[in-house]
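# Structure assessment
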Amino acid sequence: MTPASVAPSRMRRPAWAGRNYSLLTAAAIITGLGTHGALIAAAFAVLESGGDGGDVGLVAAARTAPLVVFLLIGGAIADRLPRHRVMVAANALNCVSQAAFAWLVLAGDPKLWQMMVLTAACGTGQAFFNPAAEGMLMSSVSGEQASRAFALFRMSMHGAAIGGAALGGAMIAAMNPGWVLAVDAAAFAVAGALRAFLDVAHIPSRAPGGGLISDLREGWQEFIGRPWLWSIVAQFSVVVAVVGAAESVYGPLVARDELGGARPWGFALAAFGVGTLCGALLMMRWKPRRLLLAGTLCVFPLALPSAALAVPLPVAGLSSVMFVSGIAIEVFGVSWMTAMHQEIPEEKLSRVSAYDWFGSVAMLPLSTAVAGPVEDLVGRGQALWGCAVLIVLVTGAVLFVPDVRNLTRRTAGTVPVAAGPSAAAGKAPSADAEGAVGRLG
């Protein structure tokens, strides 16, 4: 084969889509296929074992509680150790816990406490995985095409979610939910093997610090010194909590009682996945100059699924609003990741990401745990309307933060703001930045 025949095939892959980026994307697709079906399977495993809405909420809370407890430690460790090793170890824990969960469900009569313990182990793995993965992804791309790279990554990941949610719902309708959990365990094993081949040689060696507490303090100073960062994380502590309660607890219950079971709920979640796919396609081309203003405005539609479940709308209507909310959250997600990549120093990415994740999920265990009692107290419909109203209120409030309205996309010709926690990104570059340039959330 001549060099001339090889060159065109090499040129098909963009410069920013290097080896690490390709491995990360492939692994995310595999875990996306397994996880989105497993989330539905866990809820229906609880219901089929005789549990009620309160039990579904307890299992969901068991997953998110250790996520909150260990996230900050996970972020500090990911900025100390090679990030790919942290990711592989977390995937191994997820694989073992999901395999044990699958075995219990397939064996019959799983106990509530057993399901809670195993989902807690899975949440612990995610606490260490998420900051390392976000830091690894952000360090795998550079330059003006970072936003396009993040959009393509998310498009691949959410494309897997479409198939995972639909396949998971169909499998649960046809067979034991334990088989879906077993598939998820296998997906974690394969993804962990891929992530073991990530190359971290390009990441500068980090000088020894003053210990874990010192690392956490540095991350906190970086986080709290940026008003756009902590205000949106505070907003999402409420948004994630109410969306989690609506979709993890109330959604399966509405599907069971009003829509016909797991399959329609799987279709609705798949519609959300299609929306995220379309949103990522949009963000491959659209590069809003005011990153966070565009992203925050797109958080308002996240109130629509809760309202649709409160009515409740038929499957077609519910799927439509899930589709719209999928597009909207993708606009926010890519904008948010681009802002983080642009403004946060590489050596602090995982720690700042950990504070981001921590703040965003801090209220999720409480919201999923109390979802059942709140339903008993005020009714399912009123609880869902309350979720929708809270999303609108906190999203409107964060628009009063100047840096959220003014943070501007930086171009290649823009001199970066001096490093330091006080260098908030809102005092942005130039008015023509939008035309010159082309997140995980």
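Everything below is about the structure printed above this text.
Here is a short report on the structure shown in this document. Source: prediction; values computed, not measured.

### Structural notes on the overall build of the protein chain
A tally of helices and strands in the protein chain yields 17 helices and zero strands. Here the protein chain holds 441 residues, and the buried ones make up 56% of them. For the protein chain, the exposed area adds up to about 17300 Å²; of that, 69% sits on carbon and sulfur atoms.

### Observations regarding the side chain of serine 367
With respect to the secondary-structure elements, serine 367 resides in helix H15 (residues 364–378). Only 2.8 Å separates the side chain of serine 367 from the backbone oxygen of alanine 241, close enough to count as a polar contact. If we skip the residues at most four places from it in the chain, serine 367 touches Ala241 and Ala245.

### Section: helix H16 (residues 380–398)
Across its 19 residues, H16 extends 28 Å between first and last C-alpha, which sits within 8% of the 27 Å expected from 1.5 Å per residue. Taken residue by residue, H16 has Arg380, Ala383, Leu384, Cys387, Ala388, Ile391, Val394, Thr395 and Val398 as its buried positions. Viewed along the axis of H16, the buried residues span an arc of 145 degrees, placing them on a single side of the element. Turned more than 90 degrees off the buried face of H16, the exposed positions are Gln382 and Leu393. Residues of H16 that are buried make contact with helix H9 (227–259), helix H11 (291–297), helix H12 (304–310), H15 and helix H17 (402–406).

### Considerations on the pattern of salt bridges
In this structure the tally under the stated criterion is five salt bridges. We note a salt bridge from arginine 154 to glutamate 330, for which the minimum N-O separation is 2.5 Å. Here arginine 154 is found in helix H6 (residues 146–174), whereas its partner glutamate 330 is found in helix H13 (residues 315–343), with 176 residues between them in sequence. Neither arginine 154 nor glutamate 330 differs from the other in exposure class; each is buried. A salt bridge links glutamate 375 to arginine 380, with the shortest nitrogen-to-oxygen separation between them at 2.8 Å. Like arginine 380, glutamate 375 is buried. A single network of salt bridges, built from pairs that share partners, joins Arg256, Asp257, Glu375 and Arg380.

### Description of helix H5 (residues 112–139)
Relative to the 40 Å expected for 28 residues at 1.5 Å per residue, H5 spans 41 Å between its end C-alpha atoms, a close match to the ideal helical length. At phenylalanine 129, H5 shows its maximal bend, which comes to roughly 30 degrees, and the proline proline 131 appears one to four places after that position.

### Observations concerning the nonpolar core
Core analysis: the largest hydrophobic core is formed by 58 residues, its most contacted members being Met87, Trp228, Leu229, Ile232, Leu292, Trp336 and Met340. Looking at this core, the element that brings in the most residues is H9, giving eight residues. For leucine 292, the residues in contact, after removing those within four places along its chain, are Trp228, Ile232, Ser335, Trp336, Ala339, Val404 and Leu407. One finds Ala41, Leu47, Phe101 and Met322 within the second-largest nonpolar core, a separate group that totals 44 residues.

### With respect to the packing of aromatic side chains
In total, this model carries seven aromatic pairs according to the counting rule given. Plain terms: the ring middles of tryptophan 220 and tyrosine 355 are 5.6 Å apart, the flat faces sit at 55 degrees to each other, and that makes the pair tilted. With tryptophan 220 in helix H8 (residues 212–224) and tyrosine 355 in helix H14 (residues 349–361), this residue pair connects regions lying 135 residues apart in the sequence. Looking at tyrosine 355, the relative accessible area reads 10%, which means it is buried. An angle of 15 degrees between the planes, with centres 5.8 Å apart, marks the rings of phenylalanine 332 and tryptophan 336 as stacked. Of this pair, phenylalanine 332 and tryptophan 336 both sit in helix H13, four residues apart, roughly one helical turn. Since its relative accessible area comes to 2%, tryptophan 336 is described here as buried.

Definitions and limits used
Residues numbered from 1 in each chain as written. Predicted model: local features only at pLDDT ≥ 70, side-chain atom pairs only at ≥ 80, totals over all residues. Heavy atoms only, no water. Helix = DSSP H or I, 4+ residues; strand = E, 2+ residues; numbered from the N terminus. Buried < 20%, exposed > 50% of the residue type's maximum accessible area, 1.4 Å probe, protein only. Areas by Shrake-Rupley, 256 points an atom, 1.4 Å probe, with all protein chains shown as cover. Polar contact = N/O pair within 3.5 Å; in protein donor to acceptor, adjacent residues only side chain to side chain. Contact = heavy atoms within 4.5 Å. Expected span 1.5 Å × (residues − 1). Arc of directions from axis to C-beta. Salt bridge = Lys/Arg side-chain N within 4 Å of Asp/Glu carboxyl O. Bend = angle between axes of the 7 residues up to and from the residue. Core = buried A, V, L, I, M, F, W, Y, C linked by side-chain atoms within 4.5 Å. Phe/Tyr/Trp six-rings, centres within 6.5 Å; stacked < 30°, edge-to-face > 60°.

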